[in-house]
Each structure stands twice: as structure tokens, then as C-alpha cells.
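# Structure at a glance
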Amino acid sequence: MTGSSMKNAVINEHRTRARLSARQVKVGFIGFGEVTTHTVKGLVADGLEQVTIYSRAAADSATAVDAAKKADLVGARLAPSLEALAGTCDIIISAVRGHAALETARGVADFIVPGQVYADLNNAIPSVKQEAAALIHARGGRFADIGLLELPIQVGHKALMYVSGDGAQAFY
């Protein structure tokens, strides 16, 4: 094997391992609106194997059956609580309305473990995101701020996004 062939073989092996490990990452979403629905549907179709969603609708007996059907359609599992979601995921993505962003971060912060990534995909103001980051950092977690530049309803999980913060590398 030539030096060039060896290099290519190593690069291809690295890429294969990266794809496999990316498929094995456990991702959780908080909120089950349009952004979560279209993003999860695409991630699962591209091979992400473990996606869990926490939605208040799933915890409400009047809407739980519909939430379960919706989760089945996109290929995700439902978590019964924020604690259960945090306990099973490497990356937690909060995709709730902006006014609920801080309440959501407060609700999950107690369950964050060191090194876990909490990503805020909400349309909240910077001071809210800074306070959410402080809550996550206090538990040893990493925080990512996600700004969508395209709509998942149009392009699915391949929406262009700007990701910043100490947890941003989880999205590379």
C-alpha cells in the first residue's frame, strides 16, 4: 500500500467511525412543535437512532395519545418527564417558545450532568439565554445557543443555523 493509499484508508476509516458515533449520539428535544417535528423527522431518516422528545402534551392525559402517534410518525420516543429526558440524552435541544425558554432551562438544569450539552433553539432575548447558560454551567453542563437562519418546515434538519457557546462543537 502506498503512502497515499494508506492516508486515504485512514481518512475513510475515521469518517466511517465518525458517522457511526454520530448515529449513536442520544439527542433529546424539549417541545414538539414544527421545528422539532421537521428536524427530528430528517435526523431519523438520515440514520440518527436515538431521539427522545419531552412535551407537556405527552404528560397530559387529554393529548398524550396524539403526542404518542406524532412521535411514532417522526421515529422518536417520548419521555415522561424532563428528568427522564435528561437522563437518557447526550444533547438536549430546547425548542420551545421564547417566553418559556428560561422556565424550561430552570426545569431541566437540576438534571444536567457534567459535560452534557444543553442547546437553546428558542427565540429568546440575549439576557434570557445568558441566564439559561449560567444555570446549565452551574451544573457542569455545556451550553449552545442556536439561531436558525432557515425554516425546518422548508428544509428539514438541514436548516442553516448559527451555533455558539461552549457546547457548539457538539453540532459539528
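Below, the structure is looked at part by part. The residue count restarts for each chain, going from 1 along the sequence in the order it is written. Totals for whole chains, interfaces and linings use every residue, but because this is a predicted model, local features are given only for residues with pLDDT of at least 70 and side-chain atom pairs only at 80 or more, for both listing and counting. As a rule here, side-chain values cover all heavy atoms of the structure and leave hydrogens and water aside.

### Comments concerning the overall build of the protein chain
- Here a strand is any run of E in DSSP of at least two residues, a helix any run of H or I of at least four, and the numbering for each starts at the N terminus. Looking only at helices and strands, the protein chain features eight helices and seven strands.
- To sort residues, take the accessible area from a 1.4 Å probe on protein chains only and compare it with the maximum for the residue type: under 20% means buried, over 50% means exposed, and anything in between is partly exposed. Per-residue burial over the protein chain gives 38% buried out of 172 residues.
- Residue contacts follow a heavy-atom distance rule, with two residues in contact if any of their heavy atoms lie within 4.5 Å. Contacts in the protein chain between residues far apart in sequence, at least 24 positions, make up 68% of those at least 6 positions apart.
- Accessible surface area values rest on a Shrake-Rupley calculation with a 1.4 Å probe, where residue burial reflects the displayed protein chains alone. Total accessible area on the protein chain is roughly 9800 Å²; 55% of this is exposed by carbon and sulfur atoms.

### Here's the deal with the environment of Ile 112
- Here Ile 112 is to be found in the loop between helix 6 (101-109) and strand 5 (117-120).
- Separated by 23 residues in the primary sequence, Ile 112 and Leu 135 have C-alpha atoms spaced 9.6 Å apart.
- Sequence-distant contacts of Ile 112, defined by excluding residues within four places in its chain, comprise Ile 92, Tyr 118, Ile 136, Arg 139 and Gly 141.

### Structural notes on the nonpolar core
- The set of buried Ala, Val, Leu, Ile, Met, Phe, Trp, Tyr and Cys residues whose side-chain atoms join them within 4.5 Å is what this entry labels a nonpolar core. Within the largest apolar cluster, 23 residues are counted, with the highest numbers of intra-cluster contacts made by Ile 30, Leu 85, Ile 92, Val 108 and Tyr 118.
- At the level of elements, helix 5 (82-88), helix 6 and helix 7 (126-138) are the ones that each hand at least two residues to this core.
- No other element matches the five residues that helix 6 contributes to this core.
- Counting residues in hydrophobic clusters, the runner-up holds 20 residues, among them Val 27, Ile 53, Val 117 and Ala 119.

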